[in-house]
Amino acid sequence: MWPKPPQSMTSNRSHQRARPSLRAWDFVQLFVLATHHPALWLAANVRNQPDFAAVGLVTAALFVLAVAAAGTSGALTQQMEKAVGACSMAILVFWYWPSLVLDVGPVAGEVAAVAITVLLLLVGWVYGSNRRFRVVALTAGLTMLSVGFALLTIRWLPERELHVRDTSELGVSVGVSNASPPDIYVVVLDGMARSDVLKDLYEFDDSDFRRSLEIAGFSIASEATANYSITHLSLASMLDMRYPLEPGPVPTTADFDELARIMSGDNRFIETLRSAGYSYIHGEHHWWGTRCDPAKADLCLPTPGTNLTAFELLSTTPVGYLLERPAGYPAATATLGRLDQLEEWDRVIGGLPHPHVVFLHFGLPHPPLYLDRNCSPVVDPLRRGTLLNGVPQLPDEVLAERRAAYVGQVECAHRVVDAVLAAAPPGAVVLFVSDHGPDSLGQLGMPPEEVDLEGQWERLSALVSVRLPTTCQDPVPSDISLVNLLPRVLNCVFDAELELVADRYFIAGATGTPLPLVEVQDPDVTYSAASG
């Protein structure tokens with residue numbers, strides 16, 4: 001009879017035969033590390049109407065990939081704990097290292113960058129020492145940080161209602177005096193500067209463009225002005241034909257939900273036309289605020305390109321470089337796709353009955369500046385970023401190059417105008433407008449009360465070019481403000497008598513909670529007086 005092997009040898013053999021597997025805490029740890037950064041990102045961007053489904057999909061994909069990588073490598077190396085540690089470090093590096101290099105260092109200074117670097121090194125040291133309780137403490141701290149930011153952003157702000165906005169007054173009764181009312185196209189060229197601003201600050205003369213519009217029957221409001229300095233508020237005021245937000249109690253998440261609903265079709269302009277028998281076609285450009293609402297639109301135009309929420313979430317990770325190809329940014333990809341649709345416009349809109357009201361929002365010439373004058377993509381680091389200038393101000397030579405790239409996108413926008421005119425039927429009412437002007441003076445990087453008169457003038461300048469029926473007795477004045485533009489159009493088309501509101505102008509902060517908002521005087525008047 002063979003002697004039994006020593007107990008220690010038996011246990012060692014059984015240990016060698018046992019295949020390591022992921023434990024419950026490993027799943028929890030990988031899940032927390034995969035989800036805490038998206039939670040922080042959502043908290044910071046909740047007012048911008050992010051696509052929660054896209055965030056969930058990206059997070060789930062990263063978690064599944066991490067679990068698969070940890071389980072496979074742990075089984076192959078027989079070192080499951082170290083495999084989980086390596087995958088956890090990979091997740092942290094994936095979320096934070098590019099952001100550290102691109103964002104934290106320049107904004108918060110070297111101390112913050114060094115602190116995050118030390119944190120990453122500490123996590124690596126903890127795993128190397130196999131001291132898991134420290135890792136649990138770190139992940140718990142990250143979780144509490146995420147939850148705290150989310151609660152602070154979403155729940156702990158004072159509640160308030162939007163000023164003036166009253167949903168019970170949606171829709172304005174107009175009499176359809178025309179037996180065959182015209183199609184109406186409202187085309188927003190985001191951030192398009194007025195002609196005088198282009199000439200004075202950008203050394204660009206767009207007189208050929210203006211002349212071609214005038215030949216096509218357009219009138220151009222040479223002193224048109226936006227009522228708000230940011231898109232959320234400017235487009236909402238234009239489409240709802242009233243002021244959605246005034247200085248007062250701080251805006252909350254619910255306010256931005258309401259602004260998005262206004263821009264997506266729940267506004268007095270669209271309701272008026274739908275009540276008059278119009279079909280509604282909505283074309284977004286991937287920005288959160290003008291996302292199409294299928295409950296309001298008869299046709300949501302397909303928008304090509306990467307989901308903007310997924311792009312913004314991943315743009316400061318190693319995947320961001322791949323997402324930038326080939327057109328650099330979802331709005332640029334959407335512009336190119338929309339141009340293709342305009343070439344086949346009758347097929348795109350199908351048999352939708354006339355008359356149509358068409359809303360198209362193009363993300364140019366607003367930065368990023370990835371499209372040149374021929375609308376060809378030029379993906380260059382110099383053209384990156386959604387601000388034309390910032391605080392601290394860019395060096396003069398860099399700003400000059402970015403202004404030149406902006407002018408290139410202005411000329412690309414001229415091609416968009418040509419494409420819309422080729423697609424619109426003869427006799428259609430067509431409006432080319434911008435929601436605000438550019439920000440080459442760094443307006444969006446400073447508190448609104450610090451924006452000087454020239455900055456107000458540049459930012460609140462707006463393109464307004466309108467082709468109305470020849471029978472119109474009340475043309476658009478040269479100094480029209482956006483809040484009164486669409487009432488004048490409706491008054492002309494339907495021989496209505498919609499009331500206009502008093503012109504008011506607001507400079508808003510681009511970031512921050514609460515949203516800063518300062519009322520200013522007519523920027524054309526004040527800047528002209530100051531500059532002589």
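Residues numbered from 1 in each chain as written. Predicted model: local features only at pLDDT ≥ 70, side-chain atom pairs only at ≥ 80, totals over all residues. Heavy atoms only, no water.

Participant: Help me understand helix α17 (residues 453–460) in this model?
Facilitator: The buried fraction of α17 amounts to six of the eight residues, a majority that puts the element mostly inside the structure. Those residues of α17 lying buried are Gly455, Gln456, Trp457, Glu458, Arg459 and Leu460. Where α17 is buried, its residues contact α7 (195–202), β8 (505–508), β9 (517–520) and α19 (523–531). The backbone nitrogen of Glu454 lies 3.3 Å from a side-chain oxygen of the residue at the head of α17, namely Asp452. (Buried < 20%, exposed > 50% of the residue type's maximum accessible area, 1.4 Å probe, protein only. Helix = DSSP H or I, 4+ residues; strand = E, 2+ residues; numbered from the N terminus. Contact = heavy atoms within 4.5 Å. Polar contact = N/O pair within 3.5 Å; in protein donor to acceptor, adjacent residues only side chain to side chain.)

Participant: Can you walk me through the sheet that holds strand β5 (residues 356–362) in this structure?
Facilitator: Within a sheet, each strand pairs with its neighbour through backbone hydrogen bonds, oriented either parallel or antiparallel. What the seven strands build is an open sheet, ordered β2-β7-β6-β1-β5-β3-β4; its pairing is mixed. Either end of the sheet is taken by a strand with one partner, and the two such strands are β2 (219–220) and β4 (299–300). Helix-sheet contacts for helix α18 (residues 485–494) involve β1 (184–189), β6 (429–433) and β7 (464–467), and the interaxial angle to β6 is about 170°. (Pairing = 2+ DSSP bridges. Axes fitted to C-alpha atoms, helices over the stretch in contact; angles between N-to-C directions.)

Participant: Please explain the confidence of the model for the chain as it appears in this structure.
Facilitator: The predicted structure's coordinates, where accompanied by low pLDDT, should not be read in detail. With 77% of its residues at a pLDDT of 70 or more, the chain has an overall mean of 81. The secondary-structure element of the chain with the lowest mean pLDDT is helix α1 (residues 7–17), recorded at 49, while β1 shows the highest, at 98. Note that residues 148–171 has pLDDT below 50 and, in this model, 54 contacts with residues that lie over four places away or in other chains. (pLDDT = per-residue confidence, 0-100.)

Participant: Please explain the packing of aromatic side chains as it appears in this structure.
Facilitator: Both the distance between ring centres and the angle between the ring planes are used here to describe each pair of aromatic rings. Scanning all chains against the criterion turns up 11 aromatic pairs. On the basis of an interplanar angle of 70° and a centroid distance of 5.1 Å, the ring pair of Phe94 and Trp95 is categorised as edge-to-face. Exposure class is identical for Phe94 and Trp95. Each is buried. The interplanar angle of 25° and the centroid separation of 4.6 Å between the aromatic rings of Trp457 and Tyr527 together place this pair among those described as stacked. Within this pair, whereas Trp457 is found in helix α17, its partner Tyr527 is found in helix α19, the two being separated by 70 residues in sequence. Per residue, the accessibility class of Trp457 equals that of Tyr527, and both read buried. Grouping aromatic residues by their ring pairs yields a cluster made of Tyr228, Tyr243 and Phe506. When the ring centre of Tyr202 is taken as origin, the NZ or CZ atom of Arg403, which lies over that ring, is 5.4 Å away. (Phe/Tyr/Trp six-rings, centres within 6.5 Å; stacked < 30°, edge-to-face > 60°. Lys NZ or Arg CZ within 6 Å of the ring centre and 35° of its normal.)

Participant: Before we go on, may I ask you to explain the state of the cysteines in this structure?
Facilitator: Disulfides are covalent bonds that connect the sulfur atoms of two cysteines. Applying the stated criterion across every chain, the model contains two disulfides. With its sulfur 2.0 Å from that of its partner, Cys292 forms a disulfide with Cys300. Judged by the sign of its S-S torsion, about -75°, the bond between Cys292 and Cys300 is left-handed. Residue class for Cys292 comes out buried when judged on its relative accessible area of 16%. Disulfide pairing places Cys375 opposite Cys412 at an S-S distance of 2.1 Å. As the torsion about the S-S bond is roughly 110°, the Cys375-Cys412 disulfide counts as right-handed. Residue Cys375 is found in the loop between β5 and α16 (396–423), and its partner Cys412 is found in helix α16; the two are separated by 37 residues along the sequence. (Disulfide = S-S within 2.5 Å.)

Participant: What is the right way to read the side chain of Thr303 from this model?
Facilitator: With respect to the element layout, Thr303 can be found in the loop between β4 and α12 (308–314). A polar side-chain atom of Thr303 sits 3.3 Å from the main-chain carbonyl oxygen of Leu301. Side chain to side chain, Thr303 and Arg338 meet in a polar contact 3.3 Å long. Ignoring any residue separated from it by four or fewer positions in sequence, one finds Thr303 in contact with Glu284, His285, His286, Ala334 and Arg338.

Participant: What exactly am I supposed to notice about the nonpolar core here?
Facilitator: The tendency in soluble globular proteins is for nonpolar side chains to be buried as a group. With 91 residues, the main nonpolar core has Trp95, Met238, Phe269, Leu431, Val464 and Leu485 as its most contacted residues. Here this core gets eight residues from one element, more than from any other, and that element is helix α4 (residues 80–108). Residues in contact with Val464, not counting those within four places in the same chain, are Ser219, Ile220, Ala221, Ala224, Phe432, Val433, Ile480, Leu482 and Leu485. Tyr185, Leu201, Trp345 and Tyr527 belong to the second largest nonpolar core, which has 50 residues in total. (Core = buried A, V, L, I, M, F, W, Y, C linked by side-chain atoms within 4.5 Å.)

Participant: Hey, could you run me through a negative patch on the surface in this one?
Facilitator: A surface patch of like charges, here negative, comprises Asp380, Asp396, Glu397 and Glu401. Within the secondary structure, Asp396 is located in helix α16. Given a relative accessible area of 66%, Asp396 falls into the exposed group. (Patch = residues over 30% accessible without salt bridge, like charges linked within 9 Å, V, L, I, M, F, W, Y side chains within 5 Å. Areas by Shrake-Rupley, 256 points an atom, 1.4 Å probe, with all protein chains shown as cover. Salt bridge = Lys/Arg side-chain N within 4 Å of Asp/Glu carboxyl O. Lys, Arg positive; Asp, Glu negative; His and termini not counted. Charge placed at Lys NZ, Arg CZ, Asp CG, Glu CD.)

Participant: Sorry, what's going on with the pattern of salt bridges here?
Facilitator: Two side chains bearing opposite charge may form a pair once their charged atoms approach each other closely. All told, the structure shown has 13 salt bridges when counted by the stated rule. Lys296 is paired through a salt bridge with Glu271; the nearest N and O atoms lie 3.0 Å apart. Here Lys296 is found in the loop between β3 (279–283) and β4, whereas its partner Glu271 is found in helix α11 (residues 268–275), with 25 residues between them in sequence. The class for Lys296 is partly exposed, based on a relative accessible area of 21%. We note a salt bridge from Arg347 to Glu344, for which the minimum N-O separation is 3.1 Å. Several salt bridges converge on common partners, so that one network encompasses Arg194, Asp196 and Asp524.

Participant: Whenever I open this one, the packing of helix α2 (residues 24–45) against helix α3 (residues 52–77) confuses me. Can you help?
Facilitator: Contact geometry for α2 and α3: axes closest at 9 Å, N-to-C directions at 155°. In terms of orientation, α2 and α3 fall into the roughly antiparallel class. The two elements α2 and α3 cross, and the hand of that crossing is right-handed. The segment α2 lies against α3, with Phe27, Leu30, Phe31, Ala34, Thr35, Pro38, Trp41 and Leu42 engaging Phe52, Val55, Thr59, Leu62, Phe63, Ala66, Val67 and Ala70. Its residues placed into classes, the contact of α2 with α3 shows 14 nonpolar, two polar and no charged. (Parallel < 35°, antiparallel > 145°, perpendicular 65-115°, else oblique. Left-handed = near helix turned anticlockwise from the far one by under 90°. Nonpolar A, V, L, I, M, F, W, Y, C, P; charged D, E, K, R; others polar.)

Participant: Mind showing me how you'd approach unusual backbone geometry here?
Facilitator: When glycine is set aside, most residues are seen to have a negative phi, and most peptide bonds are trans. The step from His354 to Pro355 runs through a cis peptide bond, and the omega angle for that step is 0°. Tracing the backbone shows Pro355 in the loop between α15 (345–349) and β5. Phi is positive for Cys375, which is not a glycine, with a value near 65°. Phi is positive for Asp495, close to 55°, though the residue is something other than glycine. The topology assignment puts Asp495 in the loop between α18 and β8.

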